Amino acid sequence: MELSENALKVLRARYLLKDEQGRVIESPREMFGRIARSVAEAEKFYGDRACYWEERFYELLSSLRFLPNSPTIMNAGKSPGQLAACFVLPVEDSMPGIFDTLKNAALILQSGGGTGFSFSRLRPKADIVRSTGGIASGPVSFMKIYNTATDVIKQGGARRGANMGILRIDHPDVLEFIRVKRDAKELANFNISLAITDAYMEALRADGEYQLVNPRTGKSAGRLRAGEVFGEIVASAWETGDPGLVFIDRLNRANPTPAAGSFESTNPCGEQPLLPYEACVLGSLNLAAHVKGGVIDYDALGRDVAVAVRFLDDTIDVNSYPLPAIERMHKGNRKIGLGVMGWADMLVLLGIPYDHEKAFRLAREVMRFIRDASREASCALAKERGVFPNFAGSIYDAPHMPRLRNATTTTIAPTGTLSTIADCSSGIEPLFALAYKRFVLDSELVEINKYFLQMAKEQGFYSVELFQEVMRRGNLRQVKGIPSRVKRLFRTALEILPEHHIEMQAAFQEYTDNAVSKTINLPNRAKKEDVARAYLLAYEKGCKGITVFRYGARRGTLVKFADTD
Ligand code: UDP
């Protein structure tokens, strides 16, 4: 097994089992064996091939062609072992409701999962509170309490608390929400997003007003000019990266199980819309490991998709859920989210620049292949094990629709840690830099892009001086002595135009059941208008949401690479 130095550091610090004195007591091989064995336990519910599948799972994981989300790696085989990364909890408009959910969120965070909440049902600031005769303090004030609670809960001792906080654009407290993170001290454990409705987008397009609604009464609470609110959103996002947008009506139009509930929030990094009390297990295929001799090995990829889908479906059966309501919901829809990492590496191996038309075409081709293969695998499982229990009333409950074991099969996760373990580029992001130092836990890791190094040596432009310069700059733009085609191939995130970032996100979204985690990176000099354009373009292109980040802008919160402080 070929693990990089950085992968070993991360595994030792956070993933390998330790004894009570904190000494590591398993090797990476044993770790993969533990995961394969405990997930294959689920096979015993359905047949007598647990040993066979354990071997298949072990082979897939230990070759780093596929990895499940971090909680599975950390907790598989433990008792209790919570294996899912993503959760959404409802927040009811009552004191018991708000604090019951906070307690439940604490249990999830402790088990290594991240939680999303919509605070839209909470009555606005200064609204009446009948029981006490007082006035309400509003959603943002309760978000601050959740944030403080998250500070003190270390996720299973291994992860920082990650939360998503959502507010509908038509909530009366929307302006306070939009501005709250301009103060760097506020809501540091939250990513925040606005739930944007079609009605709002229509008002924005027409440069008109839209209606605010008091969620307690369902009655109008005044009107705002859509354009002015948009200006505030853009100003905050330009300054801090928050709020992002979630196109909530679009999400709900794609809801596979409307009879089981509607979406009001996503998980913390935005890639997974979920119903209240729903969870999802994610896993990512390493695309770089599926290139052989300069072409994509689709046969191998197809085989790996099938095994990965089975692995993720098994995970649901052996998971220890933090709450009975979550267990019921997850076992009702059996959502899994298979995605990819190492996309930028794959493009380098194929010689295609990230922002080239060919790359957008290939993104659609690859993701379509994975979606189709994952649905095929889910159908095959349904024949063996039955369709997901909430199938009746789902969008698949119709003639000519596939009979699936899983209400969704695909999600593109950030793979913040997984990509370090698999030593590949993260998710579908471009390379951020060709060489950089980053701090993982307490140690400084130096990363030089291995493909660039290899190419430099093969093509004879390698020298120590050149590398020092690349180290200093992080990209090749101004570096002399590098062929222009190499510069084009290794363009980094900030050299890629925002519209090309969005085009890539949209390409993957087209063939992804759930959503796509992507940061639209903007250079520091980007203007507010650039942020505005990006937000509108994401809507136009069919994305389910958008997050921008302007390089050097303050962001006192968890980011995509939440495991690297
Ligand atoms: N997540 C979390 N805490 C973290 C990082 C991630 O709770 O510090 C959750 C969150 O729901 C996120 C999901 O895990 O959306 C997937 O993130 P990522 O792919 O980066 O995690 P990995 O599996 O690589 O650790």
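All values reported here derive from a predicted model rather than from experimental measurement. (Residues numbered from 1 in each chain as written. Predicted model: local features only at pLDDT ≥ 70, side-chain atom pairs only at ≥ 80, totals over all residues. Heavy atoms only, no water.)

Peer 1: Teacher, can you tell me more about the overall build of the chain here?
Peer 2: Counting secondary structure elements, the chain contains 20 helices and 20 strands. Projecting the C-alpha coordinates of the chain onto the three principal axes gives extents of approximately 75 × 60 × 55 Å. The proportion of buried residues among the 565 residues of the chain is 59%. In the chain, the proportion of contacts linking residues at least 24 apart, taken out of those at least 6 apart, comes to 73%. With the model as given, the accessible surface of the chain reaches about 22,500 Å², and the carbon-plus-sulfur share is 51%. (Helix = DSSP H or I, 4+ residues; strand = E, 2+ residues; numbered from the N terminus. Buried < 20%, exposed > 50% of the residue type's maximum accessible area, 1.4 Å probe, protein only. Contact = heavy atoms within 4.5 Å. Areas by Shrake-Rupley, 256 points an atom, 1.4 Å probe, with all protein chains shown as cover.)

Peer 1: Looking at this structure, how should I read the site of the ligand?
Peer 2: The full set close to the ligand counts 23 residues, and Ser70, Asn267, Glu271, Thr415 and Gly416 are the nearest of them. Here an oxygen atom of the ligand and a side-chain polar atom of Asn267 are 2.7 Å apart. Taking Cys269, its main chain carries an N or O atom lying 3.3 Å from an oxygen atom of the ligand. (Near = heavy atom within 4 Å. Polar contact = N/O pair within 3.5 Å; in protein donor to acceptor, adjacent residues only side chain to side chain.)

Peer 1: What should I look at first to understand the packing of aromatic side chains in this one?
Peer 2: Centre-to-centre distance and the angle between the planes together describe a pair of aromatic rings. Applying the stated criterion across every chain yields a total of 21 aromatic pairs. Considering the side-chain rings of Phe66 and Phe311, the 5.5 Å spacing of their centres and the 75° angle between planes classify their relative orientation as edge-to-face. Linking Phe66 in strand S1 (residues 66-68) with Phe311 in helix H11 (residues 298-318), this pair joins segments that are 245 residues apart in sequence. Just as Phe66 is buried, Phe311 falls in that class too. Where Phe119 meets Tyr146, the ring centres are 5.3 Å apart and the plane angle is 75°; that geometry is what we call edge-to-face. Pair noted here: Phe119 is in the loop between strand S3 (114-118) and strand S4 (128-129) and Tyr146 is in helix H6 (residues 139-152), with a separation of 27 residues, a long-range link. Neither Phe119 nor Tyr146 differs from the other in exposure class; each is buried. (Phe/Tyr/Trp six-rings, centres within 6.5 Å; stacked < 30°, edge-to-face > 60°.)

Peer 1: I keep staring at helix H3 (residues 50-62) and nothing clicks. Help me out?
Peer 2: Counted at 1.5 Å a residue, the expected span for H3 with its 13 residues is 18 Å, and the 18 Å between its end C-alpha atoms agrees. If you follow the buried residues of H3, they end up packed against helix H2 (28-40), S1 and H11. Taken from the residues just after H3, Leu64 is the one with a positive phi, measuring 60°. (Expected span 1.5 Å × (residues − 1).)

Peer 1: Just checking my understanding: could you explain a nonpolar patch on the surface for this structure?
Peer 2: A cluster of nonpolar residues, Met95, Phe99 and Ile145, forms a patch on the protein surface that exposes about 260 Å² of accessible area. Topologically, Met95 is positioned in helix H5 (residues 95-110). (Patch = residues over 30% accessible without salt bridge, like charges linked within 9 Å, V, L, I, M, F, W, Y side chains within 5 Å. Salt bridge = Lys/Arg side-chain N within 4 Å of Asp/Glu carboxyl O.)

Peer 1: Explain the nonpolar core to me, please; I cannot follow it from the model alone.
Peer 2: Side chains of a nonpolar character, in soluble globular proteins, are inclined to be buried together. Within the largest apolar cluster, 127 residues are counted, with the highest numbers of intra-cluster contacts made by Tyr200, Ile233, Trp343, Ile370, Met504 and Phe508. Look past the residues within four positions of Phe508 in its chain and what remains in contact with it is Val340, Trp343, Ala363, Met367, Ile412, Ile428 and Val516. Within the second largest apolar cluster, 20 residues are counted, among which are Val348, Leu431, Leu476 and Leu489. (Core = buried A, V, L, I, M, F, W, Y, C linked by side-chain atoms within 4.5 Å.)

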